[in-house]
Amino acid sequence: MTQRSLDRLIRPRTIAVFGGREARRVIEQCDRMGFAGEIWPVHPTQESVLGRGCYRSVAELPDAPDAAFVGVNRTLTVDIVRDLAARGAGGAVCYASGFSEAVAELADGADLQQALVEAAGTMPIVGPNCYGMINGLDGALLWPDQHGIVRTERGVAILTQSSNIAINLSMQRRGLPISYLMTAGNQAQTGLSDLAQAVLEDPRVTAVGLHIEGFGDIRALEALAMRARELKKPVVALKVGKSEQAQRAAVSHTASLAGSDAVADAVLERLGIGRVATLPELIETLKLLHVAGPLESDAISSMSCSGGEASLMADAAIGRTIEFRALKPKQLPALRASLGQMVTLSNPLDYHTFVWGDLARQTEAFSAMFAGGYALNLLVLDFPREDRCDGADWMITVAAVAAAATQTGARAGILATLPENMPEAIAKQLIQAGIVPLCGISEALAAADIASGIASAWKKPQPLPLLSTRTEAGEIETLSEAEAKAELAAFGLARPRSETAPTPSEAAKCAEQLGFPVALKALGVEHKSDVGAVKLNLWDRNAVTDAAKGMASVARGFLIEKMVERPVAELIIGAVRDPVVGLTLTVGAGGILVELLEDSVVLPLPVTKAEVLERISRLKVRKLIEGYRGGAASNLEIVADAVLSAAEYVVTNAAHLEELDINPLMVLAESRGVVAADALIRRRR
């Protein structure tokens, strides 16, 4: 059953409102914002609401409404939605609570939500348990409360699962023009990604911000990301919380590394969706994207009339991909001529106060800095209090920034270190001039980091669709280490020369045939080192026999392996099943360093070699692989090939696989390859 378009719902010309107090508020908010369409109140007893005559039912309405706000109790909501769908309405916002979000208190909550979805049929519904939406472009609101949105001709769209967070965001005083503000509530039928894709098609929308508590439909998120890339309209997300984990006993190290938050991070990066950490970062990033769009590089510049501010800027960039790239030689003469001999020319630049209040000299200095080819040029400028101070000189600086940006064609932003020192009126004035008004150093640099990351993602090939999350039913079995390695070897992953034996004496005989030294492991034990079920560097027959007898009580046979030479590095490659995203691959520092270093990356599947190389190059253990301080070396290409072999195994066996753990993967010196020294596979029969 294909859902109808959301266009009528989000850009209505006629609105029906059902209910009492909340419905009245919807009409009030539409009137305050100047909605030009018709509003039809529906109430069983009232004669009129705010000068508009009431209808008694859906059947009495003069036509099928484009949008409806249903602000009645939960059971009546289902009946009204059914009537609206039958009448051919464009969609409805379901305000009532008491559905799937309340199953702990209401036993019928989940069933009632399913009934609501069935009643809607192909008619779009938003919610239940949500405030609805504000269209600030057309003044159309399905919103039963106060808000801070004003009419705008173009702006960003913000979508959230939380109505209260939506209200808070609407009250921001940072100059961000908001075209749409939407809440999704329970997302019983229409999810955040569906709403986001609908508003993305509006040519007046410049960027989209998501506040996500859970991914929900991963295919819808993929579709949103693909359309955003096609339209060149960036999407950023504030992802909070962790995916609901399946009830299972994790037996591998991978499960501790590939937490749902790390998976979410990897998925968003793969899709080219920027990830912010806080609500202020969300606002500042959307502001930057609204004015300047994605940044073509990670090189930015900073100017301030204070060494303290320059130092704060430099320190805040540590740990980010953005770079305060050094000045180009061609910039220096013009900067020196405008700023004088006492200014140290650098980036970030403290230009002192020699040119303060001088429009011509400031314009010359700013133009010289902006001519450096930076993706974004920031000028740190905290405005004085309007009630106590005279800000005339600050406005001269604003004029100089605008003039320099016009002369050079560069992207410019004015950054107030404290949000309250960027008055809303000035922020709006800057946006009109094409200058980004930014609040807070860390938030501004996060915004630049994310904006350059989106541009970088868009330059790469379109990512492959994520691996299906479906899995076959069946009892989970754990393969023996020998069986696991044999399966991986079929996909090109090397293993040590080995034999299996049922008894200690047979184990000793196999060891002689392999050649000493050997490793001895008990088969059928998952955490071998915890129970003494693994012994390394055994040099003769007696040592093997004694070791085998010592672990015979826990063993279902023995695995005897030729010892692997000392590696340059040990890695872990693993896969666990996320309930939303499905199987993902984790690569990181292995052996005893797994928990110690927490040095790992997550790779959504399927994956290309280029993606593997890019991700594993971020690992700290890379330095060991490439020969740290003159030590023995291998190379990342060999490691990437091994990761691809493991990825191919996971993709091929995705319908049954629950968990894979290769730890350690020995990376051998002089490009002699890699060897899986230990492996665990859990799958459904």
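Residues numbered from 1 in each chain as written. Predicted model: local features only at pLDDT ≥ 70, side-chain atom pairs only at ≥ 80, totals over all residues. Heavy atoms only, no water.

S.K.: Please explain the overall build of the protein chain as it appears in this structure.
M.R.: Helix and strand counts for the protein chain come out as 23 helices and 30 strands. Considering only residue pairs separated by 6 or more positions, the protein chain has 71% of its internal contacts joining residues 24 or more positions apart. Within the structure as shown, the protein chain displays about 28,100 Å² of accessible surface, and the carbon and sulfur contribution to it stands at 50%. Between the centroid of the 67 positive side chains of the protein chain and the centroid of its 80 negative side chains there is a distance of 2 Å. (Helix = DSSP H or I, 4+ residues; strand = E, 2+ residues; numbered from the N terminus. Contact = heavy atoms within 4.5 Å. Areas by Shrake-Rupley, 256 points an atom, 1.4 Å probe, with all protein chains shown as cover. Lys, Arg positive; Asp, Glu negative; His and termini not counted. Charge placed at Lys NZ, Arg CZ, Asp CG, Glu CD.)

S.K.: Would you mind showing me how to read the pattern of salt bridges here?
M.R.: Pairs can form between side chains of opposite charge once their charged atoms are near each other. In this structure the tally under the stated criterion is 45 salt bridges. For the salt bridge of Glu269 with Arg615, the shortest nitrogen-to-oxygen distance reads 2.6 Å. Linking Glu269 in helix H9 (residues 260–271) with Arg615 in helix H21 (residues 609–616), this pair joins segments that are 346 residues apart in sequence. Note that Glu481 is salt-bridged to Lys521, the shortest N-O span being 2.7 Å. Remark: Lys521 occurs in strand S22 (residues 518–522) and Glu481 occurs in helix H17 (residues 481–489); sequence separation between them is 40 residues. By the burial criterion, Glu481 is buried, and Lys521 matches it. Beyond isolated ion pairs, a larger network of salt bridges with shared partners links Glu481, Lys485, Lys521, Lys528, Glu561 and Asp678. (Salt bridge = Lys/Arg side-chain N within 4 Å of Asp/Glu carboxyl O. Buried < 20%, exposed > 50% of the residue type's maximum accessible area, 1.4 Å probe, protein only.)

S.K.: Could you clarify how one ought to interpret the packing of H21 against helix H23 (residues 636–652) in this entry?
M.R.: For any two helices packed against each other, one specifies the crossing angle of their axes together with the interaxial distance. Packing of H21 against H23 leaves a shortest axis separation of 9 Å and a crossing angle of 120°. As the angle between them shows, H21 and H23 are arranged oblique. As for the relative orientation of H21 and H23, their crossing is right-handed in sense. In contact with Lys609, Val612, Leu613 and Ile616 of H21, H23 contributes Leu636, Glu637, Val639, Ala640, Asp641, Val643 and Leu644. Residues that form the contact of H21 with H23 fall into these classes: eight nonpolar, no polar and three charged. (Axes fitted to C-alpha atoms, helices over the stretch in contact; angles between N-to-C directions. Parallel < 35°, antiparallel > 145°, perpendicular 65-115°, else oblique. Left-handed = near helix turned anticlockwise from the far one by under 90°. Nonpolar A, V, L, I, M, F, W, Y, C, P; charged D, E, K, R; others polar.)

S.K.: How do you make sense of helix H4 (residues 109–120) when you look at a structure like this?
M.R.: Working note: α-helix, 3.6 residues per turn, so residues spaced by three or four point in the same direction. With twelve residues, H4 should reach 16 Å at 1.5 Å per residue; the first-to-last C-alpha distance of 17 Å fits that figure. For H4, the full list of buried residues reads Gly109, Leu112, Gln113, Leu116, Ala119 and Ala120. Taken down its axis, H4 places every buried residue within 120° of arc, on the same side. More than 90 degrees from the buried face of H4, the exposed residues found are Asp111 and Glu118. Among the structural elements, helix H3 (74–87), strand S6 (92–94) and strand S7 (125–126) are those in contact with the buried residues of H4. (Expected span 1.5 Å × (residues − 1). Arc of directions from axis to C-beta.)

S.K.: What exactly am I supposed to notice about the side chain of Glu281 here?
M.R.: Its place among the elements puts Glu281 in helix H10 (residues 279–291). Residues contacting Glu281, with those up to four places away along its chain left out, are Val276, Arg320, Glu443 and Ala446.

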